[in-house]
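# Observations on chain architecture
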Amino acid sequence: MSNRYLIANWKMNLPPEGITAYLKAVATEPAGNVRVLIAPPFPYIDNIAGETKLGVAAQNCADREKAALTGEVAPSMISDCGARFVILGHSERRNLFGESDTLIARKLAAAIAVGLTPILCIGEELRIREAGQVATFLAAQIRAASEAGLDSVPEIVVAYEPVWAIGTGRNASGIMVADTVAHIREAMERFWPARFKDAPLLYGGSVTPDNVDDLETNGRIDGYLCGGASLDSGKFRSILRGMQRPSATP
Ligand code: PGA
């Protein structure tokens, strides 16, 4: 069975209650078999990794180790600061910063080379869903990632995040997620090394304490990448609690 994950993607925000109070509150919630990760902005990684036993992820990294690249952060620097994971290919990076599948594959390779576990985000825009092209579109994103040479990575996590559900308050239903996840698994089986066909597959996009039950019961997923709701330790803990309820289906 895959590892289960709950990831707080703070994006360019900090929890209003304060970092220390937030981390303490989240760490006191029983996590069962769920690995809880915090993905803060770069400058906070070092302190947070020192302060908590929760896992830490970066939200991005450069596509190489050494170069004159003003403003970029090398994967090894992330690792030096105590993060073991890195989110790559988030739709905000793809759409607002113009990151292509090719660049993301290079970033994956660079992260893997220093032993970081990548959390690869994939997801379609609404026009793709409306045109009935979701399976083909996601398969192309999965295929592009295989250029990174995934043979040498011990684990890769995939986050299915439909662009139309991110930060919009409009989440995909559990049934819709299960249907899409089946297509993603098919593509993983086809394009990735055999051992990744069961890699943890998360859902992200307006996950809240109110919709986690439906996603758990019907979604056939291994956890969540949470943005907005992750900034409030109460909401984030409640999502974690939702993952422990007996109705949950991994
Ligand atoms: P959201 O963000 O939960 O605010 O929709 C999810 C994400 O972008 O990872």
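Note that the structure is predicted; figures quoted are calculated from it, not measured. (Residues numbered from 1 in each chain as written. Predicted model: local features only at pLDDT ≥ 70, side-chain atom pairs only at ≥ 80, totals over all residues. Heavy atoms only, no water.)

So, on to the sheet that holds strand S4 (residues 85-88). The strand order around the closed barrel built from 8 strands is S1-S2-S3-S4-S5-S6-S7-S8, with neighbouring strands paired in parallel fashion. Taking each pair of neighbouring strands and ignoring which way they run, the sheet shows an average axis angle of 25°. Bridge count for strand S5 (residues 117-122) against strand S6 (residues 157-160) is 4 bridges, and the pairing is parallel. Among the inter-strand pairings, Ile122 is bridged to a residue of S6, identified as Tyr160. (Pairing = 2+ DSSP bridges. Helix = DSSP H or I, 4+ residues; strand = E, 2+ residues; numbered from the N terminus. Axes fitted to C-alpha atoms, helices over the stretch in contact; angles between N-to-C directions.)

It is possible for side chains bearing opposite charge to pair when their charged atoms get close. Here the structure, examined in full by the defined rule, presents 14 salt bridges. Note that Glu216 and Arg4 form a salt bridge whose closest N and O atoms lie 3.1 Å from each other. A residue pair is termed long-range when its members are at least 10 positions apart, and Glu216 in helix H9 (residues 212-218) and Arg4 in strand S1 (residues 4-9) qualify at 212 residues. With a relative accessible area of 1%, Glu216 lands in the buried category. Note that Asp63 and Arg64 form a salt bridge whose closest N and O atoms lie 3.0 Å from each other. Among the residues examined, Arg64 registers a relative accessible area of 40% and is labelled partly exposed. Linked through salt bridges whose partners overlap, the residues forming this network are Glu29, Arg237 and Arg241. (Salt bridge = Lys/Arg side-chain N within 4 Å of Asp/Glu carboxyl O. Buried < 20%, exposed > 50% of the residue type's maximum accessible area, 1.4 Å probe, protein only.)

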